[in-house]
Amino acid sequence: MGNADNYGYPSMMNNNNGENTGIHRVEIPPPQPFFKSLKNTVKETLFPDDPLKQFKNQKPLRKFILGVQYFFPIFEWGSRYNFGFFKADLIAGITIASLAIPQGISYAKLGNLPPILGLYSSFIPPLVYALMGSSRDLAVGTVAVGSLLMASMLGAEVNPAENPTLYLHLAFTATFFTGLFELALGFFRLGFIVDFLSHATIVGFMGGAATVVILQQLKGILGLEHFTHATDVVSVLRSVFSQTHAWRWESAVLGFCFLFYLMLAKFLSQKRPKLFWVSAMAPLTSVILGTILVYITHAEKHGVAVIGELKKGINPPSIMDLSFGSKYMTTAIKTGIVTGVIALAEGIAVGRSFAMFKNYHIDGNKEMIAFGMMNIVGSCTSCYLTTGPFSRSAVNFNAGCKTAVSNIVMALAVMVTLLLLTPLFHFTPLVVLSSIIIAAMLGLIDYNAAIHLWHVDKFDFLVCMSAYIGVVFGNIEIGLVMAVGLSLLRVLLSVARPRTLVLGNIPNSMIYRNVEQYPNTNNVPGVLILDIGAPIFFTNSSYLRERISRWIDDEEDKLKSSGETTLQYVILDMGAVGNIDTSGISMFEEVKKNLDRRDLKLVLANPGAEVMKKLNKSKFIETLGQEWMFLTVGEAVEACNFMLHSCKPISSEDGSQKWSNNV
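Since the model is a prediction, treat every value here as computed from it, not as a measurement. (Residues numbered from 1 in each chain as written. Predicted model: local features only at pLDDT ≥ 70, side-chain atom pairs only at ≥ 80, totals over all residues. Heavy atoms only, no water.)

Caption draft 1: A look at the nonpolar core. Counting 117 residues, the largest nonpolar core has Ile105, Leu117, Phe205, Ile342, Tyr384 and Met441 as the members making the most contacts within it. Counting 50 residues, the second largest nonpolar core, distinct from the first, contains Leu530, Phe588, Val591 and Leu604. (Core = buried A, V, L, I, M, F, W, Y, C linked by side-chain atoms within 4.5 Å. Buried < 20%, exposed > 50% of the residue type's maximum accessible area, 1.4 Å probe, protein only.)

Encoded structure:
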């Protein structure tokens, strides 16, 4: 900090309480080799959790065991598994299987895929996740939003009704690329990319997708045979009301009765958490009752559509069905990446939520590897997109699961269904599946979260509603792009237009705070204190130069009108400036030249290590003078006050301004 010998003010000064306050020098950090600095930057970016720490100072065999446990957590907690855990996982697994079976069939139909794929996707992927996943509560399976997204993106290129085989192969291929994308993100530890989907984006996107899914189920509820492939609300409603002559009252009555039953079961479970099983069993109960009713009344002959024959047996291999040479390869890759991002965002968010309740940690990058592997393996075994859906995971959590073994139990229950029970679903009415989907989707329209966003942050509310409106009135891709675009715009604005604040002194203290937040602060005569609220880069250096100049103009105008002491010093609080680039350094040089022309002195307070390193290398510290750099705003103000009251400016031979001691 300040150089007392050259400027005549003492190295120890009294603060407002009469205590001695030391003035300390702002140090320049020792130089670091480039590659060491690069290594530290990469480590902090990709390895913030230091996953390799556990391998340090370990023997080779121990390192191998730790490596196996890292990629296959089941070998880490499996040694502590006991019969008490198994009883809890058995109950939870059977409970979520009762939900997974009807939901799997329903969501496969939603994705314009054969219903049996929903059961296949609830068998193999949960087994893979149980080996590789780090969450104890996540229940793996298909999701409605992912199914709709796949149907929307693939259906835009290939009509599933006209070319079902090609569509099916593209679904497998898209699932493979979903897994490859997720695996790459986890392996290269790029999970922070998913963080660009903000909470507001997810709330709006999920709500919009749920609305679209609900509207599309009107096809099943009303028993319509022909329906639009578009997902926007206008097209769907036009398709519904242009076919009023084709509405089937039998189907509508059946659908609304089962929907009422499902919502009643959900209401009871919410009111009495111990009755969670009522809501969990309701979908399977609906399927059983609906199947019996259709079989007895022969309702399929009176306009009530049924599932039809489901192939018996476990997953057939589909690795030869991956269409890597298809002309629709680009569509499959794009679909895989987009659905992968959505699947990761939902799965990791759900896993972290339940981990927080049970006070344990899940590794986001490890989860991505697990999701990636289960989708890659799934694409080769007749499965499509899977992740950790909230509804199924919530049932798993409420059922008291202890470990991922509940997924194994669910998978085995689905296997038994595939081997023995699939013929029983022949007469299951599609209207029941539509009711199950609607009941599940109503829970995704979180209007309370939207209201909360409105009260807390209007811009987040705008992002949320943009996602919702984009999905509902455009399509899923448009809604996603709008929401992510607005979120990125907010990030760019915060970088390109950082906050600059005027600071004042809290009475009877050495603390300086925003004058708008603390109206009782005192101005320091002759000194303007500005706080810069972000790192300084090329994106905001021009703005900051203009903004600082405007603050100075405003302060000088205010002082002139009030007849107070003229402005002499401009102190920049650099506490929030974590980094600076060459454009930022050039901005400081321009600001200093501008202040010199106006007979003002630039003072820097609280510059960080990275900033000091670059200012030193650019020779700006020599230009400014290290005596004008202080550890705190308080020290900077004390030094400026001392100079104002004890020194007077004199002109040297070269015309530059120097200071002499008056005392």
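Caption draft 2: Examining the packing of helix H5 (residues 83–110) against helix H17 (residues 390–398) more closely. In contact at an axis separation of 9 Å, H5 and H17 are set at 160° when each is read in the N-to-C sense. Classified by the angle between their axes, H5 and H17 sit roughly antiparallel to one another. Here H5 runs over H17; the crossing is right-handed. Two secondary-structure elements touch here, H5 through Ala92, Thr95, Ile96, Leu99, Ala100, Gln103 and Gly104 and H17 through Ser391, Arg392, Val395 and Asn396. (Axes fitted to C-alpha atoms, helices over the stretch in contact; angles between N-to-C directions. Helix = DSSP H or I, 4+ residues; strand = E, 2+ residues; numbered from the N terminus. Parallel < 35°, antiparallel > 145°, perpendicular 65-115°, else oblique. Left-handed = near helix turned anticlockwise from the far one by under 90°. Contact = heavy atoms within 4.5 Å.)

Caption draft 3: How the structure looks around the sheet that holds strand S5 (residues 527–532). In space, the six strands of this open sheet follow the order S4-S3-S5-S6-S7-S8, with mixed pairing throughout. The sheet is open, and its two borders are formed by strand S4 (512–514) and strand S8 (629–630), each paired with just one other strand. Strand direction decides the pairing type here: strand S7 (residues 601–605) and S8, joined by two bridges, are parallel. For Ala605, the partnering residue across the bridge sits in S8 and is Phe630. (Pairing = 2+ DSSP bridges.)

Caption draft 4: Here's a closer look at the confidence of the model for the protein. Model confidence for the protein is summarised by a mean pLDDT of 85, while 93% of its residues fall at 70 or above. Contacts for the low-pLDDT stretch residues 1–21, under 50 throughout, to residues beyond four places or in other chains number 52 contacts. (pLDDT = per-residue confidence, 0-100.)

Caption draft 5: Fine view of helix H23 (residues 541–562). With 22 residues, H23 extends 32 Å from end C-alpha to end C-alpha; this agrees with the ideal 32 Å at 1.5 Å per step. Regarding H23, the residues found buried are Ser541, Leu544, Arg547, Ile548, Ser549, Trp551, Ile552, Glu555, Glu556 and Leu559. Check the buried side of H23 and you find it contacts strand S3 (500–505), S5, strand S6 (569–573) and helix H24 (582–597). (Expected span 1.5 Å × (residues − 1).)

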